[in-house]
Amino acid sequence: VAHPKRQSGSSRPMARHFAAAAWLACLYAATSEACTAIGVGKLASSDGSVMVAHTDDSGGMGDPRLAYVPAREYPQGSMRNVYLSIADYPRMLAPERSDTYRPLNDKQRALPWAAPIGQIPQANHTFGYWDVDYGLGNEHGLVMAETTCAGRWGAAPMGQPNGTALFGIEELSKLALERCKTAACAVSTMGAIAEEYGYYGGNSHLGKFQPWAGTQTDEEGEALVIGDATGELWVFHILPGPEGGAVWAAQRMLEESITIVANMFIIRQMDLSDPTTFRASKGIVELAAKLGLCRGEFDFTEAFSGDFKAPSRVDALVDMFYTGRRVWRVFDLVAPGLHLDPEIGALQYFETYPISVTPEALISPQRLMGILRDHFEGTAYDLTAGLGAGPYGSPNRWDGARGEREIHEGAWERGISIHRTIFSFVAQARTAVAAPELAGLVWFGEDSPHATCFTPLYLAQQTYSEAFMSGTMAVYDESMAWWAAQTVKRVMDLNYRAMLPVIREAQNECEERGAALVADTDAKVAALLAPKEVLLRAAVGEKKTREKVLEALAEGTTEHAAYFVTRWRALLANLFVKFKNGYDNTVILEGEISSEFNLGYPAWWLQQVGYGGWSEAMDSAQQKAMARFFATPEAKDALAALPLERATLEKITGRAHANASGSATGSSAPLAAAFALCAVASFVLGKRQNVNTQVGFNYLG
């Protein structure tokens, strides 16, 4: 049984002797292709807030819209609709819950997930919250970040022929935001509901609704990293139970630590006699023992991660390092002195990395944004270097897809920021604020972190820019925030290395402006609630005062969101102009370019693609062409008609044939043959060029 202090990561995890056993396929845990979640304890952050961060990497035709669900009162006996968890657009059709979820047309009303798949008793009061694919955070500063994991068992949702479960992680997380103020409440609420009504994993992608088999396990598990304004940070794991219900576990992280979950469970030994640190589903230890899922003491990850036999050594390696490299990278960025091993990977049956580490320096929201933008820069796994990055250092690697049918032994490194990220965020649960409405603050970025700006959103505010709350990835819309970031990202691939400084400058400007806005808004709200305002509050009433607070929260953030879209559209236009036609163009006056610097290609890349051998190849090809040319009747007639002595003609034809056959020696042979060809060709075409011809003849002579 592990003591909580075991999380600190003060010593190296796992001795290197386990590396020798890593080749065994049975050690790996299969992973999902989606998402990274990071949590930062309040004593590890620069401002005392608990932070969670998320990249939504599910790709496909996702739904990047932010949606606000208002707080509500319900009469006793009310029922809450539960909807199928769908990641695609529109992810939910629930007009009773949010205006964002109103069907736009009859076609949407007819979608398979438009009707609820079940109901549960409704709470008398629900809190207001924001969500994207999953619950994001509520008015009390409860915040969540998600990552899909492999689970040992699968299940299908109600409404399917084999359906037994009512909740997926999307609805489960939203339910917690409706009912809880704290992370501890959230993990217990989600766990109890899932045990009672059943849990299933995700199975929707690429805009297609697919029936659940109920047997797949690669994406049946889920993990949430959850923070709250009391200063607690929890990690929550869940998967379907072997006979319905759910298996789940939760662990509170140390306040001075940072943790990462990257598509694989991380909770291991648990002291369930300490509910302030560990919580789990009923009978979890007995279940693992009954089924023989642990070699020794209870280990949640060993017992309940997806249990697969890798079809090949390559498949096993992909899963180990798809997770392990990201875990290593985050920990190495914040605690390099630990010298964690990047080459051992993440293993199901052994803990190769600690569950959390203590960072060597306090982490700010901006630092966490930088981590989300990481591509292993400066390491042996740098995605911006090497032939795979192309001549301009693009870190984006598309899936192997068709090519993998022929090449079965490879894989790309899996960075934190990747090409198929739909959105990302850093969410803060702030403990030292002037009003509870200030507790929850999200820095939200549409599309991939390396191409976007993280814009602020208070979780207590009830309105926001339509640019973030409407639209679809299936229809281009320049007013939509997601498309503003997406187009910049796509253009960056033309020359990532050259454009990155321009993007970084825009990001710094945008995010510094956002930080200044937050500081100003915090001050405005504090002033509204200051002692000198007591008489005003008494005069206008607490309701009016709260309205003023909410108005202050929404005003600046909504303007900043609109600024982002305008700024990124201007950024896109600037990239088109500055980097047109392979040049770096410097503009000094509107409509005028002062200089054009040819960006060209790096020498190493030119060498790799055969640029350096072009002249030799063309020289050889031309000599062979001349031999063929002189063998034609037209060439022979042309030579005969030239006013040249027989000896000269023999030199021309003989030298050309010799060059073509490879018997000529000396550096003059190719040039002489070229001049001869020029002379004959000019004569044949009736465009005699005497100067060039004479030079060639003189050279031959």
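Residues numbered from 1 in each chain as written. Predicted model: local features only at pLDDT ≥ 70, side-chain atom pairs only at ≥ 80, totals over all residues. Heavy atoms only, no water.

Enquirer: An account of the pattern of salt bridges is needed here, citing residue identities and associated values.
Expert: As enumerated under the stated definition, the model contains 27 salt bridges in all. The closest approach of N and O atoms between R329 and D374, which form a salt bridge, is 2.8 Å. Residue R329 is found in helix α6 (residues 313-334), and its partner D374 is found in the loop between α7 (365-372) and β16 (423-429); the two are separated by 45 residues along the sequence. Taken as a pair, R329 and D374 share a single burial class, namely buried. Salt bridges sharing partners connect three or more residues here, namely D63, R65, R91 and D131. (Salt bridge = Lys/Arg side-chain N within 4 Å of Asp/Glu carboxyl O. Helix = DSSP H or I, 4+ residues; strand = E, 2+ residues; numbered from the N terminus. Buried < 20%, exposed > 50% of the residue type's maximum accessible area, 1.4 Å probe, protein only.)

Enquirer: Give a detailed account of the state of the cysteines, specifying residues and quantitative values.
Expert: The final tally for this structure, using the stated rule, is two disulfides. Two residues, C180 and C185, share a disulfide whose sulfurs are 2.1 Å apart. Judged by the sign of its S-S torsion, about -65°, the bond between C180 and C185 is left-handed. Judged by its relative accessible area of 0%, C180 is buried. Given a relative accessible area of 26%, C185 falls into the partly exposed group. The side chain of C453 participates in a disulfide bridge whose partner is C510; the two sulfur atoms lie 2.1 Å from each other. Its S-S torsion of approximately -85° makes the covalent link between C453 and C510 left-handed. (Disulfide = S-S within 2.5 Å.)

Enquirer: With reference to specific residues and values, describe the side chain of N263.
Expert: Within the secondary structure layout, N263 lies in the loop between β14 (258-261) and β15 (278-280). A distance of 3.1 Å separates a polar side-chain atom of N263 from the backbone oxygen of C35. Separated by 2.7 Å, the side chains of N263 and R326 make a polar contact. (Polar contact = N/O pair within 3.5 Å; in protein donor to acceptor, adjacent residues only side chain to side chain.)

Enquirer: How would you sum up empty space enclosed by the protein? Please name residues and give values.
Expert: Going through the model one piece at a time under the given rule, you end up with six cavities of 30 Å³ or more. Roughly 180 Å³ of internal volume is contained in the largest cavity. The wall of the largest cavity is formed by 18 residues, among which F265, I266, R268, A346 and Y353 lie closest to the centre. Contributions of two or more residues to the lining of the largest cavity are made by β14 and α6. Counting residues per element, the lining of the largest cavity draws most heavily on α6, which supplies three residues. Counted by class, the lining of the largest cavity contains 14 nonpolar, two polar and two charged residues. (1 Å grid on protein atoms, 1.4 Å probe; cavity = no way out; pocket = protein on both sides within 12 Å on 5 of 7 lines; lining within 4 Å. Points joined across faces, edges and corners; volume = space filled by probe spheres on them. Nonpolar A, V, L, I, M, F, W, Y, C, P; charged D, E, K, R; others polar.)

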